[in-house]
Structures are given as structure tokens and as C-alpha cells.
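Structural overview
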Amino acid sequence: MSFSWTRVGAIFHKELRDYRRNRFVLIFTMAFLPLVLVTVPTIQLFTISLSATNKALDTRVGLSLLYLLVIPAILPATLSAYSVVGEREQGTLEPVLITPIRREEFLVGKALAILLPTLVIAYAMFGIFLAGAALFAHPAVSSAVFERSHLLVQLLFAPLLAGWSIWVGIAISARASDVRVAQQLGVFASVPPLAIVALMSLNVITPSLPVALGLAAALLVVDGFGWRAVSAMFDRERLVTSRHT
Amino acid sequence: MTDEDGVVASDDDGGVHLSPDGERATPALVVDHLTKRFGDRVAFDDVSFEVGYGEVFGFLGPNGAGKTTIVRTLGTLLAPTSGSAKVAGIPLTAATGPQIRARISIMPELPGLYLRLTVAENLECFAGLYELHDSHERIATALRAVNLSDRANDPCGALSKGLRQRVGLARALLNDPAVLFLDEPTSGLDPVAAHEVHDLIAGLRERGVTIFLTTHRLEEAERLCDRVAILNTTLRQIGRPKELREQFFKRTLDVRVRAPLGEPAGVFAQLPGVEGWEQATSGAYVLTVSDPDTVAPGVARALVGAGADILSIVESRHSLEDVYLELMDEDAEAMRR
């Protein structure tokens, strides 16, 4: 039996339906948290001193934009950390594993169901931020926000950071025995790539195009092979019996 | 149970259990010296049996006997430590897991439903996992089979435990499995809900579905199963419930008369078919007989001839539970030694 996108789709649709009915996920994770993370940098834009030097202005804008990159890092981390251990705790994992589904299909279905809402929310929040900057910020601030490198970092790194958080979160979830621990570790594990992006946003690492592309390529490779690495950690026997074999 | 040609034969009616595709060659389940250990702990050891197509096979044993582990092993969730098996005609190996899982269904002890999703949405998800092309039709058929068509749009979280168990059963029927494993299907259900599940299983049996039922409800096994196996880490007994009862307990008649007999030996000892007798209480006697139906009239005549007032003559009924308890006693005794 080969890789089946039908089975991937079954997991994907089930997950999206489950998110829609889960008020906590819908209200807190997918609405409240992103709104906080877009409100803070938007307010910051209006507090930037117009007498600041170009470098200081760029740093402040970079800091504001960094908040927006927290969305694709943190949001999937919490969702993916729940994905396996949460099903196990609810008793819904075993019935799924009893079907012909392969672990790769299960993991890809889970990952896509987290990636899609993450990107929709991350880009929507970025759009709100850009609209706020274009309409209400001082032209000097607005032009700093719309600088090409800032846009590139946001558009490029949102899916890549999300990919990292998803695979690390699922890996932790596949090995953890408690949802809360998995979510704490998942959020913690989403920090390293975010820290590098932060250093770029704050100009500690000069955010040149080659540096950004290099980092993006590295994340792409990690994301691309993430499902294989996580598949290897996905042990049906351990997940069903709660035993370390 | 398997003849020289490998045909799986029914023991009492002379019929043959065929595979769903009409093949006579292979049983639905062949388990050969299967063992599973978790480190030093033995879950089950050296278990061998066969189950024919269309058979309802009961697997009995106390908690921790290895029943669920066997189901999970045959369902390819756990790898056996040693031994071999064929499930729905497919050899049990790491590579054949998805193939086997496509041909079977397992209903775990807890149905494990997505509680925020409706009944239909739960089944749609699993129809996708089985890649069923006619999923709407299959879902409707499965819901009809468990009498839940009118609850299709209810969230599973709003259903009672018994109804959730029925949804679990509907989910297990979706892929029209060659072998249906039911792991403690009535565990935790009240008598009414358990009775409903029994009726559903009886209905599946009539439709010729091969069922592997693990339970520690002995009356459930006695009522539903063609054959039963009793497991306590190792396989202790296997056979039809009636055969097991006869194997463990002699057939007896309980005789009660109004006043104790003056000379009971004179009444019972010479009767044809009576192999032995003993006095249970005053006016109550237990007769070991070859065939209660043929012996009972002679006993009645002898008692009347001896001037006794007969209160009752009944065949002693030993249940599967008696067999089970006898075996568990033997195991406990062996442990003490």
C-alpha cells in the first residue's frame, strides 16, 4: 500500500473540524493570542520618536515585526504539541492506528492541519499590521515598515518557522506522556530559530539577503526532512502501550 | 478443526466456514505459538488457535491475562516476540501491517470517539482512512446496523456511554471487515445497554461476520460464542462451551424428596445409567448419570416404587463460569505450589 493522500485528507479535515468546535483553540489560540501579538507592535509604531536615527528607527520597526513572527512560531507549537499525546489521552489514537493509515500519512495530515490555519492567521495579522502602518503611521515609519527586507523576512520566515515548530512539537508530542509538559516543551523548542530571526530583525546579525536566504534554506531543509525524523520517533507500540521499548 | 485439505470445518453441523471470497483453504485467523513479552514480563505465551470464517470466537480471561495484548498483536499494533500468525489470510509481519489493518476492524474497550464531532463526522473520518469510495452509503449502512440512523448529526459528546459504544461498533463495521475484533464491548455498560450490544453482536453473527470477542463476562461468551478459549497468559482451554462444561463436570441429576429415603442405595445403585450417588442434605441426592434425559424417568419410577414423595428431579446445570472458576482455581493452586 502506497502513500495515500486520501488518508492524509481524512486526518486533515478531522483536525480542522475539531479546531472549529474547540472554543479554547478558536478563541484563545487562534484569535486572542494573534490579536495581542499584532496589537502590541502596531501600538509601538505610533510611539517611535520621529527624531530617532535611521538605524534606531529600523531597530524599532524590526522589533515590532518580530512580534508578528512569534505567531507562526508559537501558535503551531501549542497545537502540534497536543497532536499525538492529546489524542492518546483522549483514547482516540488507538482507533486511528488500527486503520491502514501509515505513520507518515498521519503525521503529514496533522502537520498540514496546523500549517494551514497558522499561515492564514500569520499573514492576516501581518496584513492588519501593514494596513495600520500605511494608514496611520508617520510616513518615515511607514516606509521603514514597507522596506523590502522586512517584507521578505515576514513572508519567507512565517511558513519556515511554522514548519520547525510543527515538527518539533509533533516529535515532542509523540514522546511525551502528558499534554501540559508537551506544550511547554513545544513552545520552548520553537524559540531557537526565532532567536536567530530576532537577531536579524534587531540588526545584530546584518540582515543581508544572503544571510536571510541561507537561514531560510537551512530551515527549509530541516522542515523538509522533519517528517522523516518525526516518523522514526513515532512508535505505535509505545504509543499504544505507554511502554518504553 | 482443520482437516487434511486445510478446510475449516464446523464441528457439529458438518458445514464449512468459507472465507468471504468463497475460499475454503484458510481460516480467518491462524495463531501459531505466538508469544509477547514486554521486557521480563510475559503478556501471553505460546498461544495457538484457529478461527474459521463466520465463527464467533470468545477469548476469556481475568484482567491482565493478555487478551487485549493478543488483539493488539493480531491487529498489528504490537509486534510479537516469537511465533507466527495469519490474519484474514495474510501473514502477520511488519510489512503487511497496513494490508491486514485494511481487512480487519478492532473495537477497543473504550470507543475513542472525537467528542466534538458528530456521529457522521466521526464515521466520515474513518471512511477516509479506509479509502472507501462509497463512504456515504457505507456510513448509512453501518448506522442502520446499530440503529443509530436518527442520531447521525448528534455530537458524540452528547451521547450516552451505550450509544457511544454503538458508534464504535458502527465505525468497526465501515470497512466490512473479514475479522471483527471486539475488545470487552460491554465493559462499563449498564445491563440494558449491554443487552443492546449483545443483540447487535448476535445480529452480526447471523450475517456471518467473523467475530473475535474478548470478555470477562462469561454469560456473554456463553450466549454469543460458537467456541471459547480461556487464557491466563497461556491458553488454558479451548472448545465449545458445552464441551468444556462436559469436560470439567460430570452430568448429574439433583433429586429432592419430601422425606429422606430409608435405603437410598437400594433405590439408586441398581438403576441403569446411574454411575454413582451421594446424599447432599436430608431428602436431597445427587446422582452422577450417563445421560440425564434417559435416566430421569427410571429414577422417578424407582422413587415412586420406594414410596417416596418426589419434590423435583432436575439436571444440574454447570455454567461456563464454573469451568472458568475451576481453571482459575487450578492456576491459583499451581502458583501457591
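Residues numbered from 1 in each chain as written. Chains lettered and ligands numbered in written order. Predicted model: local features only at pLDDT ≥ 70, side-chain atom pairs only at ≥ 80, totals over all residues.

Side note on the overall build of chain A
Just so we agree on the cut-off: Only runs of H or I of at least four residues qualify as helices and only runs of E of at least two qualify as strands under DSSP, and these elements are numbered from the N terminus. Note that the radius of gyration is over C-alpha atoms, with the globule rule given as 2.2 Å times the number of residues to the power 0.38. In this scheme every C-beta is placed from the backbone, and a residue whose C-beta has 20 or more other C-beta atoms within 10 Å is buried, one with 12 or fewer is exposed, and one in between is partly exposed. We call two residues in contact when the distance between their C-beta atoms, placed using the backbone, is within 7 Å.
Scanning chain A from N- to C-terminus turns up twelve helices and zero strands. Taken from the N to the C terminus, the helices and strands of chain A come in the order α-α-α-α-α-α-α-α-α-α-α-α. The C-alpha atoms of chain A give a radius of gyration of 19 Å, which matches the 18 Å a tight globule of 245 residues would have. Overall, chain A is about 65 × 35 × 30 Å in size when its C-alpha atoms are taken along their principal axes. Counting across all 245 residues of chain A, residues that qualify as buried make up 47%. Relative to all contacts within chain A whose residues are 6 or more apart in sequence, the contacts with residues 24 or more apart total 85%.

Side note on the overall build of chain B
Broken down by element type, chain B carries eleven helices and 14 strands. On the principal axes, the C-alpha backbone points of chain B span a range of 75 × 45 × 40 Å. Within chain B, buried positions represent 43% of all 337 residues. Of all intrachain contacts in chain B linking residues separated by at least 6 positions in sequence, the fraction that spans at least 24 positions is 67%.

A short note on the environment of B:E131
Considering the arrangement of structural elements, one finds B:E131 in the loop between α3 (119–129) and α4 (135–145). A C-alpha to C-alpha distance of 19 Å links B:E131 and B:T76, two positions 55 residues apart in sequence. In this structure B:E131 touches A:S4, A:T6 and A:R7, once residues within four positions along its chain are discounted.

Notes on the interface of chain B and chain A
Operational definition: All amino acids are sorted into three groups, where Ala, Val, Leu, Ile, Met, Phe, Trp, Tyr, Cys and Pro are nonpolar, Asp, Glu, Lys and Arg are charged, and the leftover types, Gly among them, are polar.
Each partner contributes to the interface: chain B provides 25 residues, whereas chain A provides 27 residues. Among the elements of the structure, α2 (97–103) and α3 of chain B are those that each provide at least two residues to the side of chain B that touches chain A. Here the side of chain B that touches chain A gets five residues from one element, more than from any other, and that element is α3(B). Across the side of chain B that touches chain A, the residue classes break down as 15 nonpolar, four polar and six charged.

A word on the sheet that holds strand β2 (residues 41–51) of chain B
Residues and elements named next belong to chain B. So the rule is basically this: Two strands pair under a simple rule: DSSP has to find at least two bridges between them.
Judged by pairing direction, the sheet is antiparallel, and its four strands sit side by side in the order β2-β1-β4-β5 without closing on themselves. Each of the sheet's edge strands pairs with one partner strand only, and the pair in question is β2 and β5 (90–91). In terms of strand pairing, strand β4 (residues 82–87) meets β5 through two bridges, oriented antiparallel. Paired with K86 across the strands is P91, a residue of β5.

What to know about unusual backbone geometry
All names here are of chain B. Despite not being glycine, A88 has its phi angle at roughly 50 degrees, a positive value. For A88, the location among the structural elements is in the loop between β4 and β5. Looking at A88, the number of C-beta atoms within 10 Å reads 22, which means it is buried. Residue E184 is not a glycine yet carries a positive backbone phi of 50 degrees. Residue placement: E184 occurs in the loop between β7 (179–183) and α6 (191–206). With 21 C-beta atoms packed within 10 Å, E184 lands in the buried category.

Here's the deal with the domain arrangement of chain B
The cut-off we apply is this: Annotation comment: domain bounds sourced from an automatic or database domain assignment.
By domain assignment, chain B separates into domain 1 (29–246) and domain 2 (250–315). Between the C-alpha centres of domain 1 of chain B and domain 2 of chain B there is a distance of 46 Å.

Some points on the pairing of strand β11 (residues 252–257) of chain B
Residues and elements named next belong to chain B. In terms of strand pairing, β11 meets strand β13 (residues 284–289) through five bridges, oriented antiparallel. Looking across to β13, one finds that D254 is bridged to V286. Here β11 pairs with strand β14 (residues 310–315) via five bridges, running antiparallel. Following the sheet pairing, D254 is matched in β14 by V314.

Quick notes on the sheet that holds strand β12 (residues 274–281) of chain B
All names here are of chain B. Under the convention used in this document: Axes here mean lines fitted to C-alpha atoms, for a helix over just the part in contact, with angles spanning 0 to 180 degrees between N-to-C directions.
Taken together, four strands build an open sheet; the order of strands is β12-β13-β11-β14 and the sheet is antiparallel. Because the sheet does not close on itself, it has two edges, and the strands there are β12 and β14. Neighbour to neighbour, the strand axes of the sheet diverge by 20 degrees on average, direction disregarded.

Some words on the packing of helix α3 (residues 54–83) of chain A against helix α6 (residues 103–136) of chain A
All names here are of chain A. Inclusion rule: Angular relationships are summarised with four words: roughly parallel below 35 degrees, roughly antiparallel beyond 145, roughly perpendicular across 65 to 115, and oblique for the angles in between. Crossing handedness: left-handed means the near helix sits turned counterclockwise from the far one by under a right angle, and right-handed means the same turn made clockwise.
Where α3 meets α6, the axes come as close as 9 Å, and the angle between the chain directions of the two elements is 155 degrees. When the axis of α3 is compared with that of α6, the two are roughly antiparallel. The interaxial crossing formed by α3 with α6 has right-handed handedness. Touching L68, I71, P72, L75, P76, L79, S80 and S83 of α3 are K110, I114, L115, T118, I121, A122, M125, F126 and F129, all from α6. Of the residues that constitute the contact of α3 with α6, the class distribution is 13 nonpolar, three polar and one charged.

Some thoughts on the confidence of the model for chain A
Test applied: Scored from 0 to 100, pLDDT records how confident the predictor is in each individual residue.
Overall, the predicted model of chain A reaches an average pLDDT of 86, with 94% of residues at or above 70. Per-element averaging of pLDDT across chain A places helix α10 (residues 191–201) of chain A at the bottom with 74 and helix α1 (residues 5–21) of chain A at the top with 96.

A word on α3(B)
For α3(B), the tally of buried residues reaches ten of eleven residues, placing the bulk of the element in the interior. Every buried residue of α3(B) is listed here: B:V119, B:E121, B:N122, B:L123, B:E124, B:C125, B:F126, B:A127, B:G128 and B:L129. Packed against the buried residues of α3(B) are α1 and α5 (93–97) of chain A together with α4 and α5 (161–173) of chain B. Among the residues trailing α3(B), B:E131 stands out with phi positive, at a value near 55 degrees.

As for the environment of B:L115
All names here are of chain B. As for its placement among the helices and strands, L115 is situated in the loop between β6 (104–107) and α3. Residue class for L115 comes out partly exposed when judged on the 16 C-beta atoms lying within 10 Å of it. Between the C-alpha atoms of L115 and T294, which are 179 residues apart in sequence, the distance is 58 Å. Apart from residues lying up to four places away in sequence, L115 is in contact with P155, C156 and G157.

Some words on the environment of B:A102
You can see B:A102 is positioned in helix α2. When the C-alpha atoms of B:A102 and B:A178 are compared, they prove to be 9.3 Å apart, with 76 residues separating the residues in sequence.

Notes on the confidence of the model for chain B
Residue and element names in this part refer to chain B. Looking at chain B, the pLDDT average stands at 86 and 93% of residues meet or exceed 70. Per-element confidence in chain B is highest for α3, whose mean pLDDT is 97, and lowest for helix α11 (residues 320–336), whose mean pLDDT is 77. Scored below 50 in pLDDT, residues 1–18 makes 29 contacts in the model with residues more than four places away or belonging to other chains. What the predictor reports for the complex is a pTM of 0.82 with an ipTM of 0.87.

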